[in-house]
Number of protein chains: 4
Amino acid sequence: MMAASRRVGFVGLGLMGAPMAANVARAGFPLTVFNRSPHKAAPLKDMGAHVAMSPMEVAERSDVVITMLTDADAVGAVLAGDDGMLAAAGEGRISLDMSTISPEQSLALERLVEEHGWRRLEAPVYGSTGPAREGTLGILVGGDAGVLATCRSLLETMGSRIFHMGPMGAGAVAKLAFNLLVASQFNGLAEAMSLAVKGGVDARAAGEVFLATAVASDLLKRKVGAIVDEDYTPAFPLKHLHKDLGLMLQAGHALGVSLPATAAIHETYTGARSRGLGDLDSIAVYRHLAELAGEGAGR
Amino acid sequence: MMAASRRVGFVGLGLMGAPMAANVARAGFPLTVFNRSPHKAAPLKDMGAHVAMSPMEVAERSDVVITMLTDADAVGAVLAGDDGMLAAAGEGRISLDMSTISPEQSLALERLVEEHGWRRLEAPVYGSTGPAREGTLGILVGGDAGVLATCRSLLETMGSRIFHMGPMGAGAVAKLAFNLLVASQFNGLAEAMSLAVKGGVDARAAGEVFLATAVASDLLKRKVGAIVDEDYTPAFPLKHLHKDLGLMLQAGHALGVSLPATAAIHETYTGARSRGLGDLDSIAVYRHLAELAGEGAGR
Amino acid sequence: MMAASRRVGFVGLGLMGAPMAANVARAGFPLTVFNRSPHKAAPLKDMGAHVAMSPMEVAERSDVVITMLTDADAVGAVLAGDDGMLAAAGEGRISLDMSTISPEQSLALERLVEEHGWRRLEAPVYGSTGPAREGTLGILVGGDAGVLATCRSLLETMGSRIFHMGPMGAGAVAKLAFNLLVASQFNGLAEAMSLAVKGGVDARAAGEVFLATAVASDLLKRKVGAIVDEDYTPAFPLKHLHKDLGLMLQAGHALGVSLPATAAIHETYTGARSRGLGDLDSIAVYRHLAELAGEGAGR
Amino acid sequence: MMAASRRVGFVGLGLMGAPMAANVARAGFPLTVFNRSPHKAAPLKDMGAHVAMSPMEVAERSDVVITMLTDADAVGAVLAGDDGMLAAAGEGRISLDMSTISPEQSLALERLVEEHGWRRLEAPVYGSTGPAREGTLGILVGGDAGVLATCRSLLETMGSRIFHMGPMGAGAVAKLAFNLLVASQFNGLAEAMSLAVKGGVDARAAGEVFLATAVASDLLKRKVGAIVDEDYTPAFPLKHLHKDLGLMLQAGHALGVSLPATAAIHETYTGARSRGLGDLDSIAVYRHLAELAGEGAGR
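Source: prediction; values computed, not measured.

Reading the values: rules and limits
Residues numbered from 1 in each chain as written. Chains lettered and ligands numbered in written order. Predicted model: local features only at pLDDT ≥ 70, side-chain atom pairs only at ≥ 80, totals over all residues. Heavy atoms only, no water. Least-squares fit on C-alpha atoms with pLDDT ≥ 70 in both. Contact = heavy atoms within 4.5 Å. Buried area = accessible area lost by both parts, 1.4 Å probe. Salt bridge = Lys/Arg side-chain N within 4 Å of Asp/Glu carboxyl O. Polar contact = N/O pair within 3.5 Å; in protein donor to acceptor, adjacent residues only side chain to side chain. Helix = DSSP H or I, 4+ residues; strand = E, 2+ residues; numbered from the N terminus. Nonpolar A, V, L, I, M, F, W, Y, C, P; charged D, E, K, R; others polar. Core = buried A, V, L, I, M, F, W, Y, C linked by side-chain atoms within 4.5 Å. Buried < 20%, exposed > 50% of the residue type's maximum accessible area, 1.4 Å probe, protein only.

### Comments concerning the relation of the copies chain A and chain C
Working step 1: Of the transformation placing chain A onto chain C, the axial shift is 0.0 Å and the rotation is 180 degrees, giving an RMSD of 0.0 Å. Taken together, the turn and the small shift mark the pair as related by a two-fold rotation axis.
Working step 2: Comparing contact sets, 100% of the residues at the interface of chain A also lie at the interface in chain C, consistent with an isologous, same-surface contact.

Structure, rendered in structure tokens:
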């Protein structure tokens with residue numbers, strides 16, 4: 001068990017990372033943070049965290065270094081770029097990577113850190129900004145059970161459900177599989193609603209039907225509301241789901257798994273992003289499909 | 001309001017139709033039934049229903065004639081084929097069609113019955129055999145509000161939620177849009193599970209994660225269980241969803257709505273059906289995808 | 001062998017049908033024609049053809065009746081609708097149907113005419129308006145070899161290559177398979193050109209490369225030119241290829257053949273048609289894709 | 001102009017690279033070669049080439065270094081890995097990369113070599129092993145016109161058509177766009193033939209029709225023959241086209257170009273490769289589709 005006195009680093013204070021780091025600080029872990037845009041570190045400084053000047057400095061002051069970044073290239077750069085974490089003196093640190101990346105990328109990052117005598121744990125999360133603030137994320141861990149044991153109390157400051165999915169890569173693939181379900185519910189709702197509305201059914205009435213049935217998930221409930229209210233405030237920006245769709249397919253191709261509907265969804269999201277909807281919520285794919293189909297009822 | 005003494009006919013005593021007709025009989029409506037395979041009418045005869053020798057005889061003994069059939073061709077044949085219902089003397093009957101068909105087909109059937117002085121109400125249902133037995137189906141009505149009013153007490157013997165979606169065609173398209181959501185959840189789960197399992201994650205563990213999240217609908221819960229237990233007993237046979245996918249796309253093309261993921265799902269279901277899985281439950285699409293990807297973990 | 005004195009009827013004087021009928025007239029066959037829009041029959045009247053007032057009158061004056069119509073519903077209406085051909089007295093006529101329809105529809109039409117003592121030959125064609133005028137179409141025949149023998153000299157007035165593909169349905173499916181190749185070359189060129197242009201390559205330069213390679217078919221040559229010149233004058237209207245894509249997929253589903261790329265192309269064409277490009281040439285799908293991707297180079 | 005005395009290096013002596021390097025040697029360029037499997041260098045040694053022990057040694061003995069490798073990772077490793085070319089002393093060399101990679105990867109490799117004072121030219125080729133032997137490949141160059149001028153006589157030993165597509169990335173994207181056409185013709189033929197055969201048409205008869213029409217490219221001619229003879233000897237192995245399909249889509253996503261049919265084809269190829277067809281010719285996708293659809297005619 002890792003005592004709360006174990007020193008923690010955190011790199012990546014975005015929409016998700018900032019509240020996650022705040023929960024780590026609140027739990028009493030000695031915390032060093034770094035972010036490319038330094039102003040995002042200010043609230044954490046107020047909570048007692050040390051703000052480092054480089055990823056290397058973060059590593060020098062930490063036993064476990066959390067990364068919560070956009071993609072594997074960003075994680076690689078923070079680890080092995082100029083003033084990167086792996087340039088810090090000493091071995092034995094744990095790279096606790098909570099970013100959503102592909103299993104192949106995760107295995108490559110494991111090889112990278114092991115060359116420097118570090119250990120890696122992958123721990124991507126599900127849940128959006130609300131659960132990130134409340135410390136109730138789900139965490140999908142891949143890697144060594146012993147390493148997980150030393151990080152468990154730390155993970156519990158951020159998440160309420162911690163699943164050990166298997167060896168390195170299993171956490172990454174479980175996260176992508178979950179996101180595949182998310183994408184299929186977003187896109188499924190968008191196609192269903194486009195068909196209904198163009199067929200002369202009011203969006204609100206269609207939504208009422210959908211939510212009365214066995215397909216009504218919490219996600220669907222929220223997104224029916226977003227479509228009816230035309231409120232595309234990003235909880236999960238479309239460009240991020242677009243990126244994740246690419247990772248799912250990359251994993252599928254590496255593993256030999258055909259994912260025909262996911263591939264079709266990826267192309268639709270490419271179109272939506274190309275038409276400027278990337279910063280809206282992922283359900284804005286409805287607006288894209290509806291605009292392609294033309295306004296109003298079709299018959 | 002239609003008094004329970006109004007005479008009702010029922011054609012199509014399949015997995016869904018038989019329990020629906022039984023609920024009509026139980027509610028005290030004078031009932032005449034017909035089915036191509038006559039032995040399926042026996043239980044209803046025991047409940048007091050008259051078993052007719054032809055659709056025409058059903059019509060002659062009824063004010064409202066319910067059809068619950070496989071497709072629009074079957075409905076058309078029962079109406080206008082040899083000894084069809086429209087050959088019965090007299091006008092003013094209501095054709096209450098609860099089959100799942102396309103809006104174009106529904107409008108064509110309306111023109112057909114109106115030429116004979118009948119009225120049409122479309123009323124496809126959602127829910128499977130359980131709700132059919134319990135009289136708790138959802139019913140998606142399209143057509144004239146006055147005609148619906150005269151049929152409401154009859155519909156309430158079969159369903160607990162009755163939605164008036166709009167004019168003729170709106171009920172049909174709402175049903176197809178709902179089924180599109182069903183298909184996207186089935187296929188999404190199958191693709192997600194294939195990816196996870198081939199990536200080295202146990203199906204049970206993956207399912208546990210999925211069901212802990214915001215995508216967990218009642219449908220997903222049931223179907224995760226089916227995959228884990230490899231139990232493909234048909235609640236909704238794969239060949240029926242395959243047929244409905246064709247109707248969704250047909251409606252989309254008529255209305256000018258692109259449905260790229262639905263089209264990809266349709267092709268996957270074509271493959272699954274071609275490989276002999278048509279009589280299993282619709283979630284057997286998982287078996288199809290998993291077999292294509294090869295056995296066991298991929299890395 | 002049918003003597004040139006055998007009496008011929010022709011229904012459907014559209015872009016293709018009119019020049020085909022003219023070739024029949026030129027060859028000396030006694031000809032009766034009918035078209036819903038009667039003014040299209042005027043040039044044939046000048047060539048000596050009799051212009052009938054109904055399909056029934058065409059049949060009464062003919063031994064072989066050619067249909068060249070939009071779809072199977074139109075063929076069915078001309079045969080069995082009001083004043084339809086099958087209402088003509090007498091048996092033994094040949095229904096020579098040159099329309100592009102599905103094998104299932106063709107077999108259904110065969111059953112229909114055989115009930116009236118007629119015989120059916122399916123004979124869809126490939127080639128566009130040029131070969132139609134010159135009598136150099138390709139003709140894909142399905143049906144009885146003996147019936148084909150009696151029609152061969154008639155077919156030779158319209159086409160220079162006559163293939164007997166097999167029994168009823170084989171001609172229809174061969175035509176759809178050929179059109180599938182056409183659609184994949186149109187759409188493939190559109191996707192390739194969109195990628196090249198958005199990647200900073202001039203359309204003319206990309207076209208020059210494509211035409212220097214082993215993929216350069218005559219079709220590709222013509223359509224590269226159309227894209228470079230932005231000339232979408234319809235040789236084969238987009239809405240017709242959209243309809244044919246639906247027939248290909250319908251045939252695939254009936255036969256148990258998955259056609260994933262064809263299904264994706266169908267959805268793209270649905271979008272193109274929905275955005276008002278249906279009356280342009282089929283290669284206007286390039287404009288659709290390019291507009292979705294935004295103007296100019298992307299990097 | 002580069003004199004034939006300019007010293008040339010060549011790394012990557014695979015099916016394509018070996019005959020290309022032989023043509024360079026035959027033209028009299030002083031040649032140093034390297035291959036991971038050294039026995040493949042033996043024929044070139046017999047032609048007078050020096051066989052180096054490492055990529056670094058190749059660079060030290062060359063002014064222009066050609067790479068003809070599987071993917072961008074392999075090119076990156078040969079340049080910047082252990083004993084890589086960029087470790088050679090001195091600046092001003094030209095990295096002439098003839099591998100098929102994405103425009104993004106090509107631009108990243110340009111940044112890499114420029115950091116070491118080298119220049120990059122991308123020059124992927126079209127044509128298979130026959131034209132490689134005969135020196136009649138097509139070469140799609142991207143990069144600086146001046147650098148191309150110094151390499152032109154060298155390129156002319158390998159190819160008979162040299163296209164300057166534009167700046168760095170334009171050659172890569174033109175190659176991917178060309179390969180997209182190849183993939184759409186392979187897959188289009190496979191889908192068309194599956195439909196025809198399952199519809200009861202003999203493969204040879206269907207092929208005869210296809211080759212009589214405007215879609216008949218040289219590629220189609222060869223591949224119709226391969227299907228009819230069931231001869232899947234690899235001219236272009238399926239696993240290579242599968243890899244290239246991934247690059248096309250990656251380029252499309254980076255540029256904002258939706259490629260729905262290409263994405264569907266990619267998934268089909270993933271399935272074909274997963275079922276063990278990766279080392280056969282790319283047209284073996286027909287065998288995959290036909291096996292999915294079941295044996296023999298379908299009706």
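Read on for the rest.
### Brief notes about the interface of chain A and chain B
Working step 1: Contact with chain A, which involves 63 residues of that partner, is made by 63 residues of chain B.
Working step 2: Across the interface of chain A and chain B, roughly 4,900 Å² is buried in total on both sides, 74% from carbon and sulfur atoms.
Working step 3: If you look at where chain A meets chain B, you find zero salt bridges.
Working step 4: At the boundary of chain A and chain B, one finds 10 residue pairs in polar contact (both at pLDDT 80 or more).
Working step 5: Only helix 5 (103-114), strand 9 (159-166), helix 8 (170-198), helix 9 (203-211), helix 10 (218-229), helix 11 (238-255) and helix 12 (260-277) of chain A provide two or more residues apiece to the side of chain A that touches chain B.
Working step 6: Per-element tally for the side of chain A that touches chain B: the top contributor is helix 8 of chain A, with 20 residues.
Working step 7: Classifying every residue of the side of chain A that touches chain B gives 41 nonpolar, 14 polar and eight charged.

### Structural notes on the interface of chain A and chain C
Working step 1: Facing the four residues of chain A at the interface are four residues of chain C.
Working step 2: Together chain A and chain C conceal approximately 380 Å² of surface at their shared face, both sides included; 55% is due to carbon and sulfur atoms.
Working step 3: Per-residue buried area on chain A facing chain C is highest for Ser 274, Arg 275 and Leu 292 of chain A; these three make up 79% of the total on that side.
Working step 4: Taken together, chain A and chain C are joined by zero salt bridges.
Working step 5: Partitioned by chemical class, the residues of the side of chain A that touches chain C number two nonpolar, one polar and one charged.

### Here we look at the nonpolar core
Working step 1: Phe 210 of chain A, Phe 210 of chain B, Phe 210 of chain C together with Phe 210 of chain D are the most contacted members of the largest nonpolar core, which has 229 residues in total.
Working step 2: For Phe 210 of chain A, the residues in contact, after removing those within four places along its chain, are Leu 189, Ala 192, Met 193, Val 215 and Ala 216 of chain A together with Ala 177, Phe 178 and Leu 181 of chain B.

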